[in-house]
Amino acid sequence: MSLFNKAIVATLPLVPRPLVRRFAGRYIAGDKLEDAVRVVKALNNRGICATIDILGEEIDDRDEALAAVEAYKKVLAAIDAEKLDSNISLKPTMLGLKIDKAFCRENVAAICDEVKRYGNFVRVDMEDSSCTQDTLDVYYALRERYDNVGTVIQSYLRRSLADCAGLAAAKANLRLCKGIYNEPRELAYKDKAVVNANFSLLLDVLLDGGCYVGIATHDEKMVWEGLRAVYEYGLERDQYEFQMLLGVDAKLRDTIVAAGHKLRIYVPFGTAWYAYSTRRLKENPRLAGQIFRNIFVKYELT
Ligand SMILES: Cc1cc2nc3c(=O)[nH]c(=O)nc-3n(C[C@H](O)[C@H](O)[C@H](O)COP(=O)(O)OP(=O)(O)OC[C@H]3O[C@@H](n4cnc5c(N)ncnc54)[C@H](O)[C@@H]3O)c2cc1C
């Protein structure tokens, strides 16, 4: 990252929230469930499936976590009623992971009951490294009771290779991504080439173990690694998928779909957009740079 981009990222907290919201709009379907339904319908019409996420994380109030369970039930009902090609993704800390692991497990289980009733699927997102082991514990506990649940592996984490061995043995359904949180060097690879090499290695470990993998990346090199693996393992279209985030690289997305692969877009909605949006903007300092230019233009005019 250039010094200028580093400076932009460091000063993001000073940017007025309405401005961040405007620029982050491309990554978020909107505030309401209707917004997510509209976006998913449009994606489905282009042959792209989705996973709907309700924005929110790091909840420390039990009632808020219980409200999130009810909100996810509404999402599942809407997917069913509108006949959407979409599953759901959730953040464990929104369901109470930081309050109490057992409480979180029961909340996610309540969602899993609905997921099972609708014949759908739920993916438990992976948050920062303080959550990794607890998230895997919740995942393994749920797998004893439910089939339609998966989780996420991050290739920047040094522990992921060992985690993948266990997950492969459990024939887990996994999303493989690089990882988005700022982790210390003792826990995470910092060299992009190593993160990429590990992505490729983990993909092989998981596919060797017979896992279904969602290859989640916007990096052409990692998409190519996905294509290589699909070829080498002789995978049929229903044995893997590519995944991308809403608002990122529509050209790459359309290219993957045109080549006949299944592609799923992560569609977040809700009012708790700030943490999600700033993580996205930190990944794309060029966009953050536009925000700053906007501030200065405004300043000059007023
Ligand atoms: C479907 C999906 C789900 C995810 N779930 C998780 C999760 O549960 N836990 C987790 O830690 N991480 C998650 N991530 C984020 C992931 O870990 C990476 O941080 C993110 O995808 C960027 O890595 P990359 O593979 O796209 O490669 P990069 O090398 O970072 O990016 C490749 C290219 O994509 C472009 N790009 C990347 N991000 C953006 C952006 N926001 N705006 C514009 N261009 C961009 C870059 O400019 C670059 O050219 C998820 C990603 C996806 C696609």
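Residues numbered from 1 in each chain as written. Predicted model: local features only at pLDDT ≥ 70, side-chain atom pairs only at ≥ 80, totals over all residues. Heavy atoms only, no water.

**Digging into helix α5 (residues 101-118)**
Heads up, the condition is: Each helix is a run of DSSP H or I of at least 4 residues and each strand a run of E of at least 2, with the numbering of both proceeding from the N terminus. A helix is expected to span 1.5 Å multiplied by its residue count minus one. The buried label applies to any residue whose accessible area, calculated with a 1.4 Å probe on protein chains only, is under 20% of its type's maximum; exposed applies above 50%, and partly exposed to all values in between.
The end-to-end C-alpha distance of α5 is 26 Å, a good match for the 26 Å that 18 residues give at a rise of 1.5 Å each. Those residues of α5 that sit buried are F103, C104, N107, V108, A109, I111, C112, E114 and V115.

**Some thoughts on the packing of aromatic side chains**
For clarity, the cut-off: Here a pair means two rings of Phe, Tyr or Trp (six-membered ring of Trp) with centres within 6.5 Å. Their orientation is stacked below 30 degrees between planes, edge-to-face above 60, and tilted elsewhere. Distance and angle both matter: a charge sits over a ring if NZ of Lys or CZ of Arg is within 6 Å of the ring centre and within 35 degrees of the ring normal.
Per the stated rule, a full pass over the model turns up four aromatic pairs. Relative to F242, the ring of Y240 has its centre 6.1 Å away and its plane inclined at 85 degrees; by these criteria the two rings are edge-to-face. Each member of the pair, Y240 as well as F242, is classed as buried. Residues Y266 and Y276 carry aromatic rings whose centres are separated by 6.3 Å and whose planes lie at 10 degrees to one another, so their mutual orientation is stacked. Residue Y266 is located in strand β8 (residues 263-269), and its partner Y276 is located in helix α11 (residues 274-283); the two are separated by 10 residues in the primary sequence. Y276 carries the same exposure label as Y266, and that label is buried. Lying over the aromatic face of Y118, R117 brings its terminal NZ or CZ to 4.9 Å of the ring centre.

**Overview of the confidence of the model for the protein**
The test is simple: Per-residue confidence from the predictor is given as pLDDT, running between 0 and 100. Any two residues whose heavy atoms approach within 4.5 Å at even a single point are treated as in contact.
Of all residues in the protein, 92% attain a pLDDT of 70 or more, and the chain-wide mean is 92. Overall, residues 297-302 carries pLDDT values under 50, and its contacts beyond four positions in sequence, including any with other chains, amount to zero contacts.

**What about the site of the ligand?**
To keep it simple, the criterion reads: In this text, near means that some heavy atom of the residue lies within 4 Å of the molecule or strand in question. Throughout this description, a polar contact denotes any pair of N or O atoms lying within 3.5 Å of each other; where both atoms belong to protein, one of them has to be capable of donating a hydrogen while the other can accept it, and for residues adjacent in sequence the pair is counted only when both atoms sit in side chains. Only the protein chains shown count as cover for residues, and all accessible areas are computed by the Shrake-Rupley method using a 1.4 Å probe.
If you check the shell around the ligand, you find 24 residues, and the closest are Y27, G179, T217, H218 and E283. Contact between the ligand and Q154: an oxygen atom at 2.9 Å from a side-chain N or O atom of the residue. Between the ligand and K178, the relevant distance is 2.9 Å, taken from an oxygen atom to a side-chain nitrogen or oxygen of the residue. Relative to its unbound accessible area of 930 Å², the ligand is 84% covered by the protein chains. Secondary structure elements with two or more residues in the shell around the ligand: β4 (149-154), β5 (173-177), β7 (240-245) and α11. The leading source of residues in the shell around the ligand is β7, at three residues.

**Structural notes on the environment of I79**
Looking at where I79 falls in the secondary structure, it is placed in helix α4 (residues 62-81). Residue class for I79 comes out buried when judged on its relative accessible area of 4%. For the pair I79 and V37, spaced 42 residues apart in the sequence, the C-alpha separation amounts to 7.6 Å. Apart from residues lying up to four places away in sequence, I79 is in contact with I52, L84, S86, N87, I88 and N120.

**Quick notes on the pattern of salt bridges**
What counts, and what does not: When a carboxyl oxygen of Asp or Glu lies within 4 Å of a side-chain nitrogen of Lys or Arg, that pair is called a salt bridge.
What the rule picks out here adds up to 21 salt bridges. We note a salt bridge from R62 to D100, for which the minimum N-O separation is 3.9 Å. Of the two residues, R62 sits in helix α4 while D100 sits in the loop between β2 (86-90) and α5, which places them 38 residues apart along the sequence. The exposure class assigned to R62 is partly exposed, which follows from its relative accessible area of 41%. Residues E241 and R264 are paired through a salt bridge, measuring 2.6 Å at the closest nitrogen-oxygen approach. Taken together, the residues span a long stretch of sequence, with E241 in strand β7 and R264 in strand β8 at a distance of 23 residues.

**Describing a negative patch on the surface**
Stated precisely, the cut-off is as follows: Think of a patch as exposed residues, more than 30% relative accessible area, with no salt bridge, where like charges cluster within 9 Å and nonpolar side chains (Val, Leu, Ile, Met, Phe, Trp, Tyr) cluster within 5 Å. Under the convention used here, Asp and Glu are negative, Lys and Arg are positive, and both His and the chain ends fall outside the count. Positions of charges follow a simple convention, taking NZ of Lys, CZ of Arg, CG of Asp or CD of Glu.
Taken together, D60, D61, D63 and E64 make up a surface patch of like negative charges. Note that D60 resides in the loop between β1 (49-54) and α4.

**Examining the pairing of strand β6 (residues 212-216)**
Put simply, the rule reads: When DSSP finds at least two bridges between two strands, those strands are taken to pair. Viewed with both strands pointing away, a crossover whose connecting path from the first strand over the helix to the second turns clockwise is right-handed.
Across the five residues of β6, five count as buried, placing the element largely inside the fold. Relative to β6, β5 runs parallel, the two being bridged by four bridges. Bridge pairing in β6 places L176 opposite I215. Each parallel crossover has a hand, and the one from β5 via helix α8 (residues 192-208) to β6 is right-handed. Bridge count between β6 and β7: four bridges; the pairing is parallel. Each bridged residue has a counterpart across the sheet, and for I215 the counterpart in β7 is F242. Running through helix α9 (residues 220-232), the crossover from β6 to the neighbouring parallel element β7 is right-handed.

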